Amino acid sequence: MGAERERVAGFGQPADGLSAATPWYTWGPYVSERAWGTVREDYSAGGTAWEYLPHDHARSRAFRWSEDGLAAICDVHQRLCLGLALWNGCDPILKERIFGLTGNEGNHGEDAKEYWWYLDALPSHAWLRWRYHYPQAAFPYEDLVATNRARSREEAEYELLDTGVFDEDRYWVIDVDYAKADPTDVLMRVRVTNAGREAAMLHVLPTLWFRNRWAWGDEVTKPSLRSDGQMLIAEEPRLGRYALALGADPDGAPPAILVCENETNAARLFGAAPSCPYPKDGIGDHVLHGADSVNPEGVGTKAAAWYRLTVAAGESAELRLRLGACAEPPRSSRRLLGRTLDRVMELREREADEFYDELAPGDCTRDERAVMRQAFAGTIWGKQYYSYDVARWLDGDPGQPVPPASRLSGRNSGWRHLLALDIMSMPDPWEYPWFAAWDLGFHAVVLAHLDPAFAKYQLLLLCREWIQDADGALPAYEWAFGDVNPPVHAWAAMKVWAIDGATDHEFLERVFLKLLINFTWWVNRKDSQGNNIFEGGFLGLDNISAIDRSNVPGMDTLEQSDATGWMAFYCLTMLTIAAVLSQRDEAYEDLVLKFLEHFAGIAEALESQGLWDEQDGFYYDVLAGADGSRTPLKVSSIVGLIPLLPTVVLDADDVHLATSLRKAFARLQERHVREQEAATQVLRAGAAQERLLLSAVGLDRMRRLFAHAFDESEFLSPFGLRSVSRRLRDEPYRVTIGDMTASVDYEPAESRSGLFGGNSNWRGPVWMPLNYLFVDALARLGDQVGDGFVFEYPTGSGVERTLGEIAADLRRRLIAIWLPGEDGRRPVYGAVERMQSDQRWRENLLFFEYFNGDDGAGLGAMHQTGWSALVADLIVGRRIPPDPCARSLYG
């Protein structure tokens, strides 16, 4: 349903030369909130990305690989972009992009220091809504940098609200809506509301620009933008011709049209001779200072319509624009921007209402619907154009300065094959405007509810030969493709397949065959001793250990409980996919048995290779010294709970066949049967067929681990499972390794450690991705075993609950992070009073990277939709449907 229903009269047929997956994908919110400070734009000798192209340079320097902007959209190849610029009359620069601190400026790493929200979106991008709060006083750039830089890691971050710039409500509410009349006809409505007590003026500059593709030594014809009455005409050989119709302001006055080039201001940045008379920052210099920095002939590659709006206190003003492909420029903009625009806007918003009404469960509350809808919207806005040719980046562009030789052996130098040029789902459009392997798996699960084809495309894309390494490795993330993320890709593929109706076997087979190579890479590269105990480094959990797990001292090896648990999880997921495929092709039965056998070997290793501490009833990492010493790192963290994730229930026929063919599995099966019979917990299906619960840990250890996990003095918080035990608050863990002494304590909020930049904290907060995996595993297992197993929950309560009931309660706790409590306050906003009580703020939801382990307050990146959008899946799928392949491995 949605935008495909109706085409509304407008510009006419799309121009020739467009290339897009489907017509409705041609235009979308593919422009990041930040292109500066990224690895792709870094050509420094030492890999100092934040310093090489800082925020101060962004307005004056043409980006090499991608663009950024406020509320910006672009075509699928990011040739032409449309966004917004603002000026309050006080700021020293034009507001063209979100400001934030670099990794070295913030006392807890990089951090956006503004307030904006992704309020609504359709998967076709036929309807998009974005909101921003802009101070009327001078934006406190220097104060934010200086104060945060002076604070220690022990102190809270200094936020924009803390500066007082929003006091007395002296700010603007900026709403930007986009609606498509057809795939290449996009209507834009900008509404500005004066939240202050006095009339004020705001300069609003909707901006159209071409990404600079012509300055890098390729044979690219330079496109052109020109003014034509109250139109901007954009022409590019492959994109064709587009016209941006510009409406009058509320008083009927037309905007001034300002045109410059999207080219670097070499004079400002480098003191060099100007390479262009009207560079990228020309519009800003003209608006702020009256400089002769825009082309009087109205021709260039970047253009803005300059509106000057005076708005009374509490009142709003509206601007209308329309961008469309056209064979010939329209004669008048009036017809394009009148009632037709109202009709299209109303239609698309109504379609969005219908779309989300269909997704919401019948018992969904109003607040839950709002959380679901804004989480899904953020996921759609997180679809970004991503371009990165690593070989070209390492070697440099023809005609440009040769990059320092150190880069040839530096960051990502082992990934010369990687050539990304696509629309990809990003963790956070400002803080993490690049893909990350395990994040992408969780994104795909959320996207599967909205657009299953795009979700599948994302998972397949990471496995394509131009991204996946020839040895099978998947790139972790832009800052270090060679790092290792947890192997959740197969699990995500299985989830997406199931959400989409469990019928697309071609997709499942394609991803499975590529993941066979990745699984082999794990076995060959991350099991150094060949004993089914795995390494992997930080594995996405940044500072969770007492040491940097990616840089183990000397020649020692870190044997990791989480890596080993992840590989058992990977095994069982690949086994499950093979079982599904074997129902159509018997050749896959051999792979079912292969993964059963391998799983049995990993389970045996978890049983006997020294990761389990019998006294504590917990799994720990072990530092295996080159001298034969073994030092357990007894950090009570979620690392030790990950071996709980891999579980499946086998029917008797499956158990018999596997047992008869493979000895290792037979030994594992005997142990599980003994434990389950001893506990009188042999599972039964229907009238009476015996079944076997197969897990990486035995039933006794499972109970002991659950006792830790469900203990409110340890892991169980009011808002999900903490990343480390709360008992470390009073009893920090300390370890001495050689000359180094390290410690870990319970830190429920921001990190006091500098590991991995200090911008994330796995030493106490609640993280959505691992909580989601536990909910998913418990719910599926509960579906399969019914009332067969019960566990005390919470620990010490004396109340026994089924796995399904425990999963439901954990789901409730996680969703509650965003819901108003009995006092009307949302835990996610903690002690931020304006977010809690001001009606202009409290209904706008942010989806943070992680959450305070005590009170649920949001922390880290603010737009992590991203994996925190999994809350939408938790709302939509209150009861996770039975696994369609769990009944029998052999059909």
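Residues numbered from 1 in each chain as written. Predicted model: local features only at pLDDT ≥ 70, side-chain atom pairs only at ≥ 80, totals over all residues. Heavy atoms only, no water.

Asker: Is there a simple way to explain the overall build of the chain in this structure?
Answerer: From N to C terminus, the chain includes 22 helices and 35 strands. For 891 residues, the compact-globule estimate of 2.2 N^0.38 gives 29 Å, and the C-alpha radius of gyration of the chain, at 28 Å, lies within 12% of that figure. Look at the contacts in the chain between residues 6 or more apart in sequence, and 72% of them connect residues 24 or more apart. Averaging the positions of the 90 positive and the 130 negative side-chain charges in the chain gives two centres separated by 3 Å. (Helix = DSSP H or I, 4+ residues; strand = E, 2+ residues; numbered from the N terminus. Rg over C-alpha atoms; globule rule 2.2 N^0.38 Å. Contact = heavy atoms within 4.5 Å. Lys, Arg positive; Asp, Glu negative; His and termini not counted. Charge placed at Lys NZ, Arg CZ, Asp CG, Glu CD.)

Asker: Teacher, can you tell me more about the pairing of strand β6 (residues 115-121) here?
Answerer: On a regular strand, each side chain points to the face opposite its neighbour's, so the side chains alternate between the two faces of the sheet. With seven of its seven residues buried, β6 lies for the most part within the structure. Note that β6 and strand β7 (residues 127-135) share six bridges and pair antiparallel. Looking at β7, one finds that Asp120 is bridged to Arg129. Taking the residues that link successive antiparallel strands as the turn, the β6-β7 hairpin has five residues, and the phi of His125 there is positive, at about 65°. (Buried < 20%, exposed > 50% of the residue type's maximum accessible area, 1.4 Å probe, protein only. Pairing = 2+ DSSP bridges.)

Asker: Got a minute to help me understand the side chain of Gln836 in this structure?
Answerer: Looking at where Gln836 falls in the secondary structure, it is placed in helix α20 (residues 833-837). The class of Gln836 is buried, set by a relative accessible area of 5%. From its side chain, Gln836 meets the backbone oxygen of Arg826 in a polar contact 2.7 Å long. Beyond its immediate chain neighbours, meaning those up to four positions away, Gln836 contacts Arg825, Arg826, Tyr829, Gly830 and Arg842. (Polar contact = N/O pair within 3.5 Å; in protein donor to acceptor, adjacent residues only side chain to side chain.)

Asker: I keep staring at the environment of Val192 and nothing clicks. Help me out?
Answerer: Structurally, Val192 can be placed in strand β9 (residues 185-194). Taking relative accessible area as the criterion, Val192 reaches 1% and is therefore assigned buried. Spatially, the C-alpha atom of Val192 lies 33 Å from that of Asn759, the residues being 567 residues apart in sequence. Not counting residues up to four positions away in its chain, the partners in contact with Val192 are Trp172, Val173, Ile174, Leu202, Val204, Leu309, Val311, Glu315, Ser316 and Ala317.

Asker: What is the right way to look at the sheet that holds β7 in this model?
Answerer: What the nine strands build is an open sheet, ordered β6-β7-β8-β9-β17-β13-β12-β11-β15; its pairing is antiparallel. At either margin of the open sheet sits one strand with a lone partner, and together these are β6 and β15 (299-300). Strands in contact with helix α7 (residues 366-381) are β6, β7 and β8 (171-182); relative to β6, the strand with the most contacts, it is inclined by about 100°. (Axes fitted to C-alpha atoms, helices over the stretch in contact; angles between N-to-C directions.)

Asker: Explain the side chain of Asn543 here, please?
Answerer: One can find Asn543 in the loop between α12 (505-526) and β20 (557-559). At a separation of 3.2 Å, a polar atom in the side chain of Asn543 contacts the side chain of Asn761.

Asker: Quick question: what am I supposed to make of the nonpolar core here?
Answerer: Proteins that are soluble and globular tend to have nonpolar side chains buried together. Ile174, Val192, Val204 and Trp566 are the most contacted members of the largest nonpolar core, which has 303 residues in total. Here the element with the most residues in this core is helix α13 (residues 561-582); it accounts for 15 residues. In this structure, Trp566 is in contact with Trp438, Pro486, Pro487, Val488, Leu539, Ile642, Leu645, Leu770 and Leu773, ignoring residues within four places of it in sequence. (Core = buried A, V, L, I, M, F, W, Y, C linked by side-chain atoms within 4.5 Å.)

Asker: Sorry, what's going on with empty space enclosed by the protein here?
Answerer: Gaps left between atoms show up when a probe the size of a water molecule is rolled over them. Following the criterion strictly, the structure yields nine cavities of 30 Å³ or more and no others. As a volume, the largest cavity reaches approximately 120 Å³. Lining the largest cavity are 13 residues; nearest its centre among them are Asp68, Glu96, Arg97, Trp209 and Lys302. By residue class, the composition of the lining of the largest cavity is four nonpolar, three polar and six charged. (1 Å grid on protein atoms, 1.4 Å probe; cavity = no way out; pocket = protein on both sides within 12 Å on 5 of 7 lines; lining within 4 Å. Points joined across faces, edges and corners; volume = space filled by probe spheres on them. Nonpolar A, V, L, I, M, F, W, Y, C, P; charged D, E, K, R; others polar.)

Asker: What's the story with the packing of aromatic side chains in this structure? I'm lost.
Answerer: In this description, a pair of aromatic rings is defined by centroid distance and the angle of the planes. With the rule as written, the count across this model stands at 56 aromatic pairs. Measuring from centroid to centroid gives 5.1 Å for Phe519 and Phe595, while their planes differ by 85°, and the two rings are edge-to-face. With a gap of 76 residues between them, Phe519 in helix α12 and Phe595 in helix α14 (residues 589-608) connect regions that are remote in the sequence. Exposure class is identical for Phe519 and Phe595. Each is buried. Each residue in the set Trp438, Phe442, Trp491, Trp566, Phe569, Trp762, Trp767, Tyr772, Tyr850 and Trp867 is aromatic and connected to the rest through ring pairs, giving one cluster. (Phe/Tyr/Trp six-rings, centres within 6.5 Å; stacked < 30°, edge-to-face > 60°.)

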